[in-house]
Amino acid sequence: MYRTHTNGQLNIQHVGQQVTLSGWVQTVRDKGFMIWIDLRDRYGVTQLLLDEKRTDAALLEQARTLGREFVIQVSGTVLERESKNMKIPTGEIEVLVEELTIINQSKLPPFTIENQTDGGEELRMQYRYLDIRRKPVQDKLVFRSRVAQLTRNYLAAQDFVEVETPVLIKSTPEGARDFLVPSRMNPGTFYALPQSPQTFKQLMMVGGLDRYFQIVKCFRDEDLRADRQPEFTQIDCEMAFVKQEDILQTFEGLLLHLLQEIKDIAPQAIPRMSYEEAMQRFGSDKPDIRFGMEIGDLTKAVKGRDFKIFEDAELVGGIAVPEAADYTRKEIDQLTDWVKRPQIGASGMIWVRVPKDGALKSSVDKFYSTEDLQQWVEITGANPGDLILVLAGEENRTRKQLGELRLELGNRLNLRDPQVFAPLWVLDFPLLEWDDETQRYHAMHHPFTSPKPEDFHLLETDPGKARANAYDLVLNGNEIGGGSIRIFDKSLQQRMFKLLGFSEEEAAAQFGFLMNAFEYGAPPHGGIAFGFDRLVAILDGSETIRDYIAFPKNNAGRDVMINTPSPIAQDQLDELFIKSTLSEEEK
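Everything quoted here is computed from the prediction, not taken from an experiment.

**Concerning the overall build of the chain**
Part 1: Summing up its helical and strand segments, the chain has 17 helices and 22 strands in all.
Part 2: Counting only C-alpha atoms, the chain reaches 95 × 75 × 60 Å along its principal axes.
Part 3: Here the chain holds 587 residues, and 48% of them are scored as buried.
Part 4: Restricting the contact set of the chain to residue pairs at least 6 apart, pairs at least 24 apart contribute 66%.
Part 5: Accessible surface, the chain as shown: approximately 29,500 Å² in total, 49% of it carbon and sulfur.
Part 6: Charge-centre separation for the chain: the mean point of 69 positive side chains lies 2 Å from the mean point of 91 negative side chains.

Here is the structure:
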């Protein structure tokens, strides 16, 4: 056998035993008369010892040929270490090597394979198989596996059935761009990789499966941001004969189960908030409720004072920044420049100092009296020592700007503790969004989301005011899951397609299979999907999903390790009836 124990297993109880270990050489420390080798595997590090008194000379010379990342096997006796290292589980022992076999040699790795490495991110992605040897990376992948297993156990206990749905499916016009796969056997036609198993899980409800789940790969060909991947993983779930409350209770239970098992946090009911309330209080439909700093609506309080910016504004909103009244003008100017960035888009910012003693002081003292400013203090809930920051403009845009400013200040003031977990249900989203560019409605979630029953009549009279029977689960300011009660009535689904600008022919071509299924006794049903990568990252105290994916893509959507996407040979393209658009130089 290659090993009797792993490199994280031996302790003081094993002293005197004969053992065999295998792994990678992390370091070799040669003092001439004595050699120490740190041997590493997934489970830990064990110190090996060879010395002139107890080790054969040939074995010592063999040990001196070892390099970093050589794969070796050793056999020897467990000894108690004279100089102990209590920071690691094996730190009280070492193994006196009596036999050594070099299983495989290694080139010098391009970066140090230790907890703190000297390798940059792009280099580590190029040699990801080496990066995975580092304990911090392995720990994250093991953590991901644990969350997946806990999820499966919970859902299985709730009578969910795990079902795999197709990966080669039909392209649909809604949502992000599809990744397309040409069909060799059906020239000129294409499969799409799924952005979600949405229609298939609804069809399983029509099929009577009742409770389905899948931890599934999904794909979106969209512009990438720093922490977005073209392929990602969902916990995808659907239930039949349920209303919204049934789904909220079931999947609230899942999150609380994970928090209890992983973080030892006692279950507590998750608070709920409407979309409208979330936007008004926090300027976001995924608010971080770990800290306050809520938006105060100053619009009525500031009118009638001849300050044109406020007079022309649809919304004037302020937030009270705790213990920031002593910010210097330079610090305030830096925040003003931050909100003026194109990503935020504010035209400027007003401030009011609320000192612990003395009079209120603002950048608009010319227009507003102390009594006026005191009203701002009351509306924003500012305390002595706080700084009130105010933005103004079109309502929706200004709320989002205040929401972004609030999060930025939360980061700067260390109010967003990654080890504090504050989940929240956000409910009653708008069903539709109007797009000025296309001059038509788009589904805020997807075309199969049901309106709230009490808003059905609005589809004919005022569809923009209809609310969706939809819900998002938010954790620490991140949407980790979202779903809805689905439309299961064919006529209602046809009305929805019409509102979204589909002709009858287009709806039949894209979703005819689903509409046909609805004619055969579709039950009421609904579901939810969790972004598994992000959920895992947040539960581990991080917001960087790439660290929890074994082989992630970079910010450009490339896998630099296997160098993909890459050109395809023309003879392969010919089989697919596709002509290359690359020049000879590009090929």
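On we go from here.
**Overview of the packing of aromatic side chains**
Part 1: Across all of its chains, the model carries 17 aromatic pairs by this definition.
Part 2: Following the ring pairs from residue to residue traces out a cluster consisting of Phe-307, Phe-310, Phe-367, Tyr-368 and Trp-376.
Part 3: Note that Arg-406 overlies the ring of Phe-291, its terminal NZ or CZ placed 4.0 Å from the centroid.

**So, the sheet that holds strand 15 (residues 361-362)**
Part 1: If you trace the five strands from one edge of the open sheet to the other, you get 12-13-16-14-15, paired in antiparallel fashion. Two strands bound the open sheet, and with one partner strand each, they are strand 12 (296-297) and strand 15.
Part 2: Looking at chain direction, strand 14 (residues 350-354) and strand 15 are connected through two bridges and run antiparallel. Residue pairing for strand 15: Val-352 is matched across the bridge by Ser-362.

**Brief notes about the pairing of strand 13 (residues 315-321)**
Part 1: Taking burial as the measure, the seven residues of strand 13 include seven buried ones, the bulk of the element.
Part 2: Burial along strand 13 is two-sided: the residues Leu-315, Gly-317, Ile-319 and Val-321 and Val-316, Gly-318 and Ala-320 are all buried.
Part 3: Here two bridges tie strand 12 to strand 13, and the two strands are oriented antiparallel to one another. Residue pairing for strand 13: Asp-297 is matched across the bridge by Gly-317.

**Focus on the nonpolar core**
Part 1: Formed by 41 residues in total, the largest nonpolar core has its most connected members in Phe-251 and Leu-539.
Part 2: Considering every element that reaches this core, the biggest residue donor is helix 6 (residues 244-263), with nine residues.
Part 3: Once residues within four sequence positions are removed from consideration, Leu-539 is found in contact with Phe-143, Val-147, Leu-258, Leu-259, Ile-262, Lys-263, Phe-421 and Leu-475.
Part 4: One finds Leu-431, Ala-443, Leu-459 and Leu-500 within the second-largest nonpolar core, a separate group that totals 23 residues.

**Side note on the side chain of Ser-22**
Part 1: Mapping Ser-22 onto the fold places it in strand 1 (residues 18-30).
Part 2: Side-chain polar atoms of Ser-22 contact the backbone oxygen of Tyr-2, separated by 2.6 Å.
Part 3: When neighbours within four sequence positions are excluded, Ser-22 is seen to be in contact with Tyr-2, Arg-3, Asn-7, Leu-39, Asp-41, Ile-72, Gln-73 and Ile-103.

**Brief notes about the pattern of salt bridges**
Part 1: Scanning the entire structure with this criterion turns up 40 salt bridges.
Part 2: In this structure, Arg-412 engages Glu-408 in a salt bridge whose closest nitrogen and oxygen atoms are separated by 2.8 Å. Within this pair, Arg-412 and its partner Glu-408 are both found in helix 12 (residues 395-412), separated by four residues, close to a single helical turn.
Part 3: Judged by its relative accessible area of 19%, Glu-408 is buried.
Part 4: Salt-bridge contacts for Glu-519 lead to Lys-490; the nearest nitrogen and oxygen are separated by 3.0 Å. A residue pair is termed long-range when its members are at least 10 positions apart, and Glu-519 in the loop between helix 15 (504-517) and strand 22 (525-531) and Lys-490 in helix 14 (residues 490-499) qualify at 29 residues.
Part 5: Residue Glu-519 is classed as partly exposed on the basis of its relative accessible area, which comes to 49%.

**Section: the layout of surface pockets**
Part 1: In this structure, the second largest pocket encloses a volume near 980 Å³.
Part 2: Contributing elements (two or more residues each) for the lining of the second largest pocket: strand 7 (180-182) and helix 17 (570-575).
Part 3: The residue inventory of the lining of the second largest pocket, partitioned by class, reads 19 nonpolar, six polar and eight charged.

**Notes on the sheet that holds strand 6 (residues 161-162)**
Part 1: Pairing is mixed in the open sheet, where eight strands are placed in the order 6-9-10-22-21-20-17-11. Bordering the open sheet on either side are strand 6 and strand 11 (272-274), each of which pairs with just one other strand.
Part 2: Bridge count for strand 21 (residues 478-485) against strand 22 is five bridges, and the pairing is antiparallel. Along strand 22, the bridge assignment pairs Ile-485 with Gly-526.
Part 3: Taken strand by strand, helix 5 (residues 198-206) contacts strand 9 (211-219), strand 10 (231-240) and strand 22, and its axis lies near 20° from that of strand 10.
Part 4: Where helix 6 meets the sheet, its contacts fall on strand 10, strand 11, strand 17 (423-427), strand 20 (470-475), strand 21 and strand 22, and the angle it forms with strand 20 comes to roughly 20°.

**Points about the packing of helix 5 against helix 15**
Part 1: Where helix 5 contacts helix 15, the two axes come as close as 10 Å, and the packing angle between them is 20°. When the axis of helix 5 is compared with that of helix 15, the two are roughly parallel. Both helix 5 and helix 15 take part in a crossing whose hand is left-handed. Here Thr-199, Gln-202, Leu-203 and Val-206 of helix 5 come into contact with helix 15, specifically with Phe-513, Leu-514 and Ala-517.
Part 2: When grouped by side-chain class, the residues that make up the contact of helix 5 with helix 15 number five nonpolar, two polar and no charged.

**Brief notes about the pairing of strand 3 (residues 44-51)**
Part 1: For strand 3, the tally of buried residues reaches seven of eight residues, placing the bulk of the element in the interior.
Part 2: Sheet analysis places strand 2 (residues 34-41) next to strand 3, joined by eight bridges and oriented antiparallel. When the bridges of strand 3 are listed, Trp-36 appears paired with Leu-49.
Part 3: Following strand 2, the chain reverses through two residues before pairing antiparallel with strand 3.
Part 4: The pairing of strand 3 with strand 5 (residues 93-104) spans two bridges and is parallel. The residue bridging Leu-49 from the neighbouring strand is Leu-96, located in strand 5.

So, how was this worked out
Residues numbered from 1 in each chain as written. Predicted model: local features only at pLDDT ≥ 70, side-chain atom pairs only at ≥ 80, totals over all residues. Heavy atoms only, no water. Helix = DSSP H or I, 4+ residues; strand = E, 2+ residues; numbered from the N terminus. Buried < 20%, exposed > 50% of the residue type's maximum accessible area, 1.4 Å probe, protein only. Contact = heavy atoms within 4.5 Å. Areas by Shrake-Rupley, 256 points an atom, 1.4 Å probe, with all protein chains shown as cover. Lys, Arg positive; Asp, Glu negative; His and termini not counted. Charge placed at Lys NZ, Arg CZ, Asp CG, Glu CD. Phe/Tyr/Trp six-rings, centres within 6.5 Å; stacked < 30°, edge-to-face > 60°. Lys NZ or Arg CZ within 6 Å of the ring centre and 35° of its normal. Pairing = 2+ DSSP bridges. Core = buried A, V, L, I, M, F, W, Y, C linked by side-chain atoms within 4.5 Å. Polar contact = N/O pair within 3.5 Å; in protein donor to acceptor, adjacent residues only side chain to side chain. Salt bridge = Lys/Arg side-chain N within 4 Å of Asp/Glu carboxyl O. 1 Å grid on protein atoms, 1.4 Å probe; cavity = no way out; pocket = protein on both sides within 12 Å on 5 of 7 lines; lining within 4 Å. Points joined across faces, edges and corners; volume = space filled by probe spheres on them. Nonpolar A, V, L, I, M, F, W, Y, C, P; charged D, E, K, R; others polar. Axes fitted to C-alpha atoms, helices over the stretch in contact; angles between N-to-C directions. Parallel < 35°, antiparallel > 145°, perpendicular 65-115°, else oblique. Left-handed = near helix turned anticlockwise from the far one by under 90°.

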